[in-house]
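Tertiary structure, described
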Amino acid sequence: MQYTHEHLEIQKTLRRFIDEEINPHVDEWEAAEQFPAHQVFRKLAALGLLGLNKPEVYGGSGLDYSYAMAMAEALGHVSCGGVPMAIGVQTDMCTPALARFGSDALRREFLVPAIAGETVGCIGVSEPGAGSDVAGLKSHARKDGGDYVITGQKMWITNSLQADWMCMLVNTSDGPVHRNKSLVLVPMNTPGITKAKKIRKIGMHSSDTGLIYFDEVRVPQRYRVGEEGQGFVYQMQQFQEERLWCAASSLLPMDECIADTIEWAQQRKLFGGTLADQQWVQFKLAELKTEVEALRALTYRACELYVQGQDVTELASMAKLKTGRLTREVADTCLQFWGGMGFTWENRVSRLYRDGRLGSIGGGADEVMLGILAKTMGIAKRPARE
Ligand SMILES: Cc1cc2nc3c(=O)[nH]c(=O)nc-3n(C[C@H](O)[C@H](O)[C@H](O)COP(=O)(O)OP(=O)(O)OC[C@H]3O[C@@H](n4cnc5c(N)ncnc54)[C@H](O)[C@@H]3O)c2cc1C
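Residues numbered from 1 in each chain as written. Predicted model: local features only at pLDDT ≥ 70, side-chain atom pairs only at ≥ 80, totals over all residues. Heavy atoms only, no water.

**Focus: the nonpolar core**
I22, F41, L44, I87, I150, V186 and F214 are the most contacted members of the largest nonpolar core, which totals 89 residues. For this core, the element with the highest residue contribution is helix α4 (residues 65–75), accounting for nine residues. Residues in contact with F214, not counting those within four places in the same chain, are I150, T151, G152, Q153, K154, M166, M168, V186, G192 and I193. Membership of the second largest hydrophobic core comes to 24 residues, among which are M254, I258, V330 and L352. (Core = buried A, V, L, I, M, F, W, Y, C linked by side-chain atoms within 4.5 Å. Buried < 20%, exposed > 50% of the residue type's maximum accessible area, 1.4 Å probe, protein only. Helix = DSSP H or I, 4+ residues; strand = E, 2+ residues; numbered from the N terminus. Contact = heavy atoms within 4.5 Å.)

Dropping the structure here:
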């Protein structure tokens, strides 16, 4: 895949926005453990950046997925992980299924304001008792007249303390675990919802992460995305874009971490020369840069096939796995070369070390990616549970 002039122009616009409107505030937002999502999203929407690959009829630009990927990559220019992740939730995690399978009325009610930056969305899959084991989630919705009445808990939900609505994966029947779930859009001001806790984390500080309780929360059944019982399937498809987004948005932070470390190593004097004179340092940084370029190539290839309409479960899972592992390796190796300075809080490399650790856990842990690959490669059996 090659970026065209149009892709590069979008990236230029976004980078300018990041330099002017995001990076100057990152330290303050990290300290506050929250960023003003509504304010930032409204400005991104004014630049047309919240619906690049969403249909024009709902306010999007109707472009193909490669433009969303170009945006995800440029978001890596933000000097922390939390703000890009929150933006990615809005563009690539809580809206793809709605855009693809939602009814026209649902898209007008939820997608149009999300693309316009008037509302903030979140994606509610994980629960206290079920993260990797998505099929095992326990939140349930019973039917009452034309409504669903939802009871349960969602945990680790990015944006949820500020969100206006949640795209929630919930059991809507007692059937087999892969066929009893639906995606339901739940306005976060519905009676019965408690924002129980803001979770303190070791990284991604500017992103709010919530534990949310649902007690007899009533929403109309027309808030269901697509067909009843198809939620697990829709969410697995939605995960493809989430995982490609994770890979694309990890590339620049790693590039910039390596570049900052080279600059540091060239200045840092030791043993009668500089740190950069040590061949070990040169070779390690050269090797890391090579690995990042290999991940970029894999991510672009997955994107190209996805744009062609192919199922990229295998490549997206490989890219997500590699992203988590490589981000940890790059951040850890570079932090080591910064010595004591790498162990300080303000250092950008130490921020990547903390923020980047999530890459091997969130959106499907490394072992979940390996499990998917073992199945697509035909090594592992399909699960016995239906
Ligand atoms: C900052 C943050 C933001 C998040 N945002 C969201 C969000 O917006 N929406 C949402 O729904 N979720 C979100 N999550 C949840 C995230 O997706 C889950 O944490 C993740 O899927 C892992 O689930 P778990 O924490 O329940 O760990 P568990 O499922 O308990 O797994 C624990 C560990 O077990 C290992 N493991 C898992 N499966 C296997 C296996 N098959 N074989 C071997 N080992 C295995 C892995 O190492 C894994 O890390 C977020 C999490 C964090 C920390």
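**Observations regarding the site of the ligand**
Surrounding the ligand, one finds 16 residues, the nearest of these being I123, S126, S132, W156 and T158. The contact in question runs from a nitrogen atom of the ligand to an N or O atom on the side chain of S126, over 2.8 Å. Contact between the ligand and W156: a nitrogen atom at 2.7 Å from a main-chain N or O atom of the residue. Burial of the ligand by the surrounding chains reaches 63%, relative to a free accessible area of 970 Å². Sort the elements by how many residues they give to the shell around the ligand and strand β3 (residues 147–158) lands first, with three residues. Looking at the shell around the ligand residue by residue, the class counts come to eight nonpolar, six polar and two charged. Counting residues domain by domain, the shell around the ligand receives three or more from each of domain 2 (122–227) and domain 3 (233–376). (Near = heavy atom within 4 Å. Polar contact = N/O pair within 3.5 Å; in protein donor to acceptor, adjacent residues only side chain to side chain. Areas by Shrake-Rupley, 256 points an atom, 1.4 Å probe, with all protein chains shown as cover. Nonpolar A, V, L, I, M, F, W, Y, C, P; charged D, E, K, R; others polar. Domains from an automatic or database assignment.)

**What about the pattern of salt bridges?**
Applying the stated criterion across every chain yields a total of 23 salt bridges. Notably, a salt bridge pairs K12 with E9, separated by 3.3 Å at the nearest N-O pair. Here K12 and its partner E9 are both found in helix α1 (residues 5–22), three residues apart, which amounts to about one turn of the helix. Looking at K12, the relative accessible area reads 46%, which means it is partly exposed. (Salt bridge = Lys/Arg side-chain N within 4 Å of Asp/Glu carboxyl O.)

**Structural notes on the packing of α1 against α4**
Two elements in contact, α1 and α4, have axes whose closest approach is 9 Å; the angle formed by their N-to-C orientations is 35 degrees. For the element pair α1 and α4, the recorded crossing hand is right-handed. Each of E6, H7, I10, Q11, L14 and I18 in α1 lies in contact with α4, whose residues at this interface are S66, Y67, A70, M71, E73, A74 and L75. A breakdown of the residues in the contact of α1 with α4 according to their chemical character gives eight nonpolar, three polar and two charged. (Axes fitted to C-alpha atoms, helices over the stretch in contact; angles between N-to-C directions. Left-handed = near helix turned anticlockwise from the far one by under 90°.)

**With respect to the packing of aromatic side chains**
A full pass over the atoms with the stated rule returns eight aromatic pairs. Considering the side-chain rings of W29 and F35, the 5.8 Å spacing of their centres and the 50 degrees angle between planes classify their relative orientation as tilted. As far as burial versus exposure is concerned, W29 and F35 are alike and both buried. Among the aromatic residues, ring-to-ring pairing joins W29, F35 and F41 into one connected group. Above the face of the F239 ring, R243 is positioned so that its terminal group lies 4.4 Å from the ring centre. Over the face of the ring belonging to W345 we find R354, whose NZ or CZ atom lies 3.7 Å from the ring centre. (Phe/Tyr/Trp six-rings, centres within 6.5 Å; stacked < 30°, edge-to-face > 60°. Lys NZ or Arg CZ within 6 Å of the ring centre and 35° of its normal.)

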